[in-house]
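# Per-entry structural report
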Amino acid sequence: GETGATGLPTGETGATGLPTGATGLPTGDTGATGLPTGDTGATGLPTGGTGLPTGGTGLPPLPLLVINEALADPPPGLLGDANCDGVAIPSQDTFVEIWNLMPAPVDLSGAGLSDATALRHTFPPGSVVQPGTAILVFGGGVPLLGGTGISGTWCSPISGTAQVASTGGLGLDPSADTVQLVAADGRTIDTFTWSSGSSGVSNNRLPEQSVAGIVVPHDAVAGSVNGFSPGTGVGGVPAAWSAVITIDADLSDVPVEAQLSSSTGTPVGIAWSSDTLFLAIQHPLVASAGADAWLVVHTGTGGGASTTSGIARGIQQPTLPFGASAALAWRTDDASDSLFVWDGAQWQETPGWLGTSGSAWAVDPGTATIELALPLAALGVTTTLDLYVAFVVDAPGAEATVGASPASAIVEGALDPDPGQRWRFYPRLADPPSLYLPLP
């Protein structure tokens, strides 16, 4: 029968307040259970999509699954590596997220996923979605959603599964498109439509995981952390850890979770924001303000052009336990500094680099403290940061290396030691520096 604004049957009611009719149930056409069939009205529930029998067709009930999210236009670079395979290819990082709202597993084998243009994916045999979990279909690549991806916090482990489009891509239109999940027998399970898009942000149901939910930009949903959230709710993953240290040679604003130590036993603060590495170091050599000692910082990216031969200071040149792609040398009299970048064949030096390219530093000999702000882009760092820090004394006859971090990387005061350890941080994940352990 006709329905009102709520989607419930209208008409006269009996003494119980229920619609009249021979059974007390709605009087329109009914299926085998006596429940109404057909359009549901303004609740937004898809026809037949409630998991109830459709009546009179002899077909099994449709499962209650909902297309909850679709990313058609990933952000540039690794910030758009939605499938977490470490490669930013927009056509491969697009995805559609489907949630099983049923109390039992749902087998999607043979079902199809299409957009307004074409069929984009056919679910292969064994495509079972467990209760309360999602199945993701990416445009391509090798999805790594088991917690091994490092491109961002969305790479945290999920309880669902992931597939790649069987046709070689999803072809989603960022400006406007309609995605349909169609059962193997041709009936539509759910439809998801957007008529405008936001670059670098997915479209999402509001409320989440609701067949009645409207489609809005991901960042319009309360609790959103990233621009997309494959396999979780919008707030289902933590934000990437970050902290900003004021460059004023004052260690008081170094967060507790960023406070580490050196082989001398003196404080070393290591922190990062989305675009900057911060170092806050206290050591007697900073107070000495001598011209025969250097703070040397080696960094690596976990790949690309790099070398294990550190930069030389006097007769000392360490062999590093990682491939370094950049290094900074600052002399403790604050009269000289240089940035070094490995070009694949040799170190290229830029003297007087501190204070340029967004870098900054501050020194207080009175408290023996130096603080540095080093742009990650200048170091070539995106998802992985290898780090080794030490003071190198090059006074003739008194050469030594001290104040190293990690603290156990060298024997304090050794001559030209090769560090046995380094830090490896993942700046786009949720763990603070203090949770990392030194690596060989």
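Up top you'll find the structure we're talking about.
Residues numbered from 1 in each chain as written. Predicted model: local features only at pLDDT ≥ 70, side-chain atom pairs only at ≥ 80, totals over all residues. Heavy atoms only, no water.

## Observations regarding the overall build of the chain
The number of helices and strands found in the chain is three helices and 26 strands. Taking all 440 residues of the chain together, the buried fraction comes to 46%. For the chain, the proportion of contacts with a sequence separation of at least 24, taken over those separated by at least 6, is 59%. In the structure as shown, the chain presents an accessible area of about 18200 Å², 56% of it carried by carbon and sulfur atoms. (Helix = DSSP H or I, 4+ residues; strand = E, 2+ residues; numbered from the N terminus. Buried < 20%, exposed > 50% of the residue type's maximum accessible area, 1.4 Å probe, protein only. Contact = heavy atoms within 4.5 Å. Areas by Shrake-Rupley, 256 points an atom, 1.4 Å probe, with all protein chains shown as cover.)

## What about the packing of aromatic side chains?
For the structure shown, the criterion picks out eleven aromatic pairs. Summarising the aromatic geometry, the rings of Trp241 and Trp272 are spaced 5.2 Å apart at their centres and angled 75° between planes, so their arrangement reads as edge-to-face. Of this pair, Trp241 sits in the loop between β12 (214-217) and β13 (259-261) while Trp272 sits in strand β14 (residues 267-272), placing them 31 residues apart in sequence. Here the two residues Trp241 and Trp272 agree in accessibility, since each one is buried. An angle of 75° between the planes, with centres 6.4 Å apart, marks the rings of Trp272 and Tyr436 as edge-to-face. On the criterion of sequence distance, the pair formed by Trp272 in strand β14 and Tyr436 in the segment after β26 (423-425) is long-range, its members being 164 residues apart. The exposure class assigned to Trp272 is buried, which follows from its relative accessible area of 1%. (Phe/Tyr/Trp six-rings, centres within 6.5 Å; stacked < 30°, edge-to-face > 60°.)

## Side note on the side chain of Thr307
By the element assignment, Thr307 lies in strand β17 (residues 307-309). Judged by its relative accessible area of 11%, Thr307 is buried. Look past the residues within four positions of Thr307 in its chain and what remains in contact with it is Leu320, Phe322, Gly323, Ala324, Trp342 and Trp347.

## Some remarks on the sheet that holds strand β5 (residues 119-122)
The four strands lie next to each other as β5-β4-β9-β10, forming an open sheet whose pairing is antiparallel. The open sheet is flanked by β5 and β10 (188-194), the only strands paired with a single partner. Adjacent strand axes in the sheet meet at a mean angle of 15°, parallel and antiparallel pairs treated alike. With three bridges joining them, strand β4 (residues 112-114) and strand β9 (residues 177-182) adopt antiparallel strand pairing. From the neighbouring strand, Ser114 faces β9, where its bridge partner is Gln180. (Pairing = 2+ DSSP bridges. Axes fitted to C-alpha atoms, helices over the stretch in contact; angles between N-to-C directions.)

## A look at the state of the cysteines
The final tally for this structure, using the stated rule, is one disulfide. Two residues share a disulfide in this structure: Cys84 and Cys155, whose sulfurs sit 2.1 Å from each other. Between Cys84 and Cys155, the disulfide has an S-S torsion of -100° and is therefore left-handed. Residue Cys84 is located in the loop between β1 (65-71) and α1 (90-93), and its partner Cys155 is located in the loop between β7 (134-138) and β8 (161-164); the two are separated by 71 residues in the primary sequence. (Disulfide = S-S within 2.5 Å.)

## Topic: the sheet that holds strand β11 (residues 203-206)
Here six strands make up an open sheet; going across it, the order is β8-β7-β2-β1-β11-β12 and the pairing mixed. Both edges of this open sheet fall to β8 and β12, since each of them pairs with a single strand only. This sheet shows a mean twist of 30° between the axes of neighbouring strands, independent of strand direction. Relative to β7, strand β2 (residues 95-100) is paired through five bridges, and the arrangement is antiparallel. If you follow Trp99 over to β7, its bridge partner there is Ala134.

## Description of the pattern of salt bridges
Tallied over the full model, the rule gives six salt bridges. Close ionic contact of Asp185 with Arg187 constitutes a salt bridge, the shortest N to O distance being 3.0 Å. Residue classification places Asp185 among the partly exposed residues on the basis of a relative accessible area of 41%. Given a relative accessible area of 16%, Arg187 falls into the buried group. Arg424 is the partner of Asp386 in a salt bridge, and the nearest nitrogen-oxygen pair spans 2.8 Å. Here Asp386 is found in strand β24 (residues 385-393), whereas its partner Arg424 is found in strand β26, with 38 residues between them in sequence. For Asp386, a relative accessible area of 1% translates into the label buried. (Salt bridge = Lys/Arg side-chain N within 4 Å of Asp/Glu carboxyl O.)

## Quick notes on unusual backbone geometry
With omega at 0°, the peptide bond leading from Leu206 into Pro207 counts as cis. A cis amide bond links Ser405 to the next residue, Pro406, at an omega of 10°. Counting through the fold element by element, Pro406 comes out in the loop between β25 (400-405) and β26. Despite not being glycine, Ala289 shows a phi value in the positive range, around 50°. With respect to the helices and strands, the residue Ala289 is situated in the loop between α2 (284-288) and β16 (293-300).

## Some remarks on the pairing of β16
Counting buried residues in β16 gives eight out of eight residues, a clear majority hidden from the surface. Residue alternation in β16 divides its side chains into two sets, Ala293, Leu295, Val297 and Thr299 and Trp294, Val296, His298 and Gly300, and both sets are buried. Where β16 meets β24, eight bridges bridge the pair, whose relative direction is antiparallel. Residue pairing across strands places Thr299 opposite Leu387, the latter belonging to β24. As paired elements, β16 and strand β19 (residues 326-331) share six bridges and run antiparallel to each other. Paired with Trp294 across the two strands is Arg331, which belongs to β19.

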